[in-house]
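# Architecture and fold: a report
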Amino acid sequence: MNLNLTPDPARALVVVELGSPNTRPVVVTRSAGGGPAVPLRNGSPMPDLATRLEDSEAPFGVPLVYTATDATGAVATAATRLDVDRPRLDHPGLAALGTWVRIVDDTPPAWESPTAVHLVIGRRDPITTAQPLRTRAGVLTLAVADLAELDRLLALCQSGLPVLLRTPCADLFRDGWLAVLRVADASVMPTITSGNTNAPT
């Protein structure tokens with residue numbers, strides 16, 4: 001059994017091809033940047049008779065190690081990198097909904113605690129209740145050049161599922177799954193004078 005990898009930066013994914021598995025099922029995992037191995041979507045196990053899958057969730061700009069293990073315990077390993085120079089948002093099940101984005105601002109996230117303060121009559125000190133911090137939350141501001149880009153972004157966010165943010169700037173932005181709670185359009189309308197309808201980018 002052998003494993004062949006082909007990075008495809010234009011589509012922000014890695015093509016994984018499996019040759020001559022001994023026995024089905026075959027499980028394929030990915031380790032990024034020396035981290036733990038995680039099963040690939042549609043690769044745990046691979047569908048019967050499938051020899052090719054596309055990993056559209058691979059992190060950018062770090063060493064990627066893929067491992068395939070068949071039912072007999074035979075193992076094949078291969079390594080590559082996916083070097084991409086711009087951020088991207090992807091859907092967990094429909095790769096066609098993925099879209100390139102331009103990040104304008106990433107409001108510093110907050111980790112809130114569902115803490116409550118109870119003021120009791122006849123008691124000087126309040127009673128407080130607290131729970132562990134919740135998952136971080138914040139506001140991500142993106143720029144779109146035209147309505148077509150906005151429509152692609154809305155189509156991605158309207159699925160009701162979390163979206164995956166991947167960026168080539170790991171020291172500035174943290175990759176991860178985002179639950180979209182609200183999308184607000186803050187368009188700047190162009191100035192129209194003497195028939196000039198050029199919109200800003």
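Residues numbered from 1 in each chain as written. Predicted model: local features only at pLDDT ≥ 70, side-chain atom pairs only at ≥ 80, totals over all residues. Heavy atoms only, no water.

## Overview of the environment of Asn42
Heads up, the rule is: Secondary structure is summarised from DSSP: a helix means a run of H or I of at least four residues, a strand means a run of E of at least two, and numbering begins at the N terminus for each. Whether a residue is buried, partly exposed or exposed follows from its accessible area with a 1.4 Å probe, protein chains only, as a fraction of its type maximum: under 20%, in between, or over 50%, in that order.
Within the secondary structure, Asn42 is located in the loop between strand S4 (38-39) and strand S5 (52-55). Residue classification places Asn42 among the exposed positions, given a relative accessible area of 60%. Sequence separation between Asn42 and Gly93 is 51 residues; the distance between their C-alpha atoms is 9.4 Å.

## Section: the sheet that holds strand S6 (residues 63-69)
Under the convention used in this document: Two strands form a pair only when DSSP identifies at least two bridges running between them.
Read across the open sheet, the four strands follow the order S4-S3-S6-S7; overall the sheet is antiparallel. Two strands close off the open sheet at either side, each with one partner strand: S4 and strand S7 (75-81). The sheet contact formed by S6 and S7 spans seven bridges and is antiparallel. If you follow Val65 over to S7, its bridge partner there is Ala79.

## Side note on the packing of aromatic side chains
The criterion, for reference: Each pair of aromatic rings taken from Phe, Tyr and Trp, with Trp reduced to its six-membered ring, is defined by centres within 6.5 Å and is described as stacked if the planes are under 30 degrees apart, edge-to-face if over 60, and tilted in the remaining cases. Consider the ring centre and the ring normal. A charge sits over the ring if Lys NZ or Arg CZ is within 6 Å of that centre and within 35 degrees of that normal.
Across all of its chains, the model carries zero aromatic pairs by this definition. One Lys or Arg, Arg86, reaches over the ring of Trp100 and ends 4.1 Å from the middle of that ring. Taking the ring centre of Trp100 as reference, the NZ or CZ of Arg88 above it sits at 4.7 Å.

## Re the nonpolar core
Side chains that are nonpolar tend, in soluble globular proteins, to be buried together. Rules: Nonpolar cores were defined as sets of buried Ala, Val, Leu, Ile, Met, Phe, Trp, Tyr and Cys residues, with membership established by side-chain atoms within 4.5 Å. Contact definition: two residues touch when any of their heavy atoms are within 4.5 Å.
The biggest cluster of nonpolar side chains holds 21 residues, and the ones touching the most others in it are Leu3, Leu5, Val14, Val16, Val28, Tyr66 and Leu82. Contributions of two or more residues to this core are made by strand S1 (2-8), strand S2 (13-19), S6 and S7. Excluding anything up to four places from it in sequence, Val16 contacts Leu3, Asn4, Leu5, Val28, Leu40, Thr51, Arg52, Leu53 and Tyr66. Formed by nine residues, the second largest nonpolar core is a distinct cluster that contains Ile103, Leu153, Leu156 and Cys157.

## Some points on the sheet that holds S2
Quick reminder of the rule: The axes are straight lines fitted to the C-alpha atoms, using for helices just the contacting stretch, and the angles between their N-to-C directions are given from 0 to 180°.
Pairing within the open sheet is antiparallel, and its three strands lie in the order S1-S2-S5. Each having just a single partner strand, S1 and S5 make up the two edges of the open sheet. Averaged over all neighbouring strand pairs, the angle between strand axes comes to 20°, with direction disregarded. Where S1 meets S2, seven bridges bridge the pair, whose relative direction is antiparallel. Of the residues in S2, the one forming a bridge with Asn4 is Glu17.

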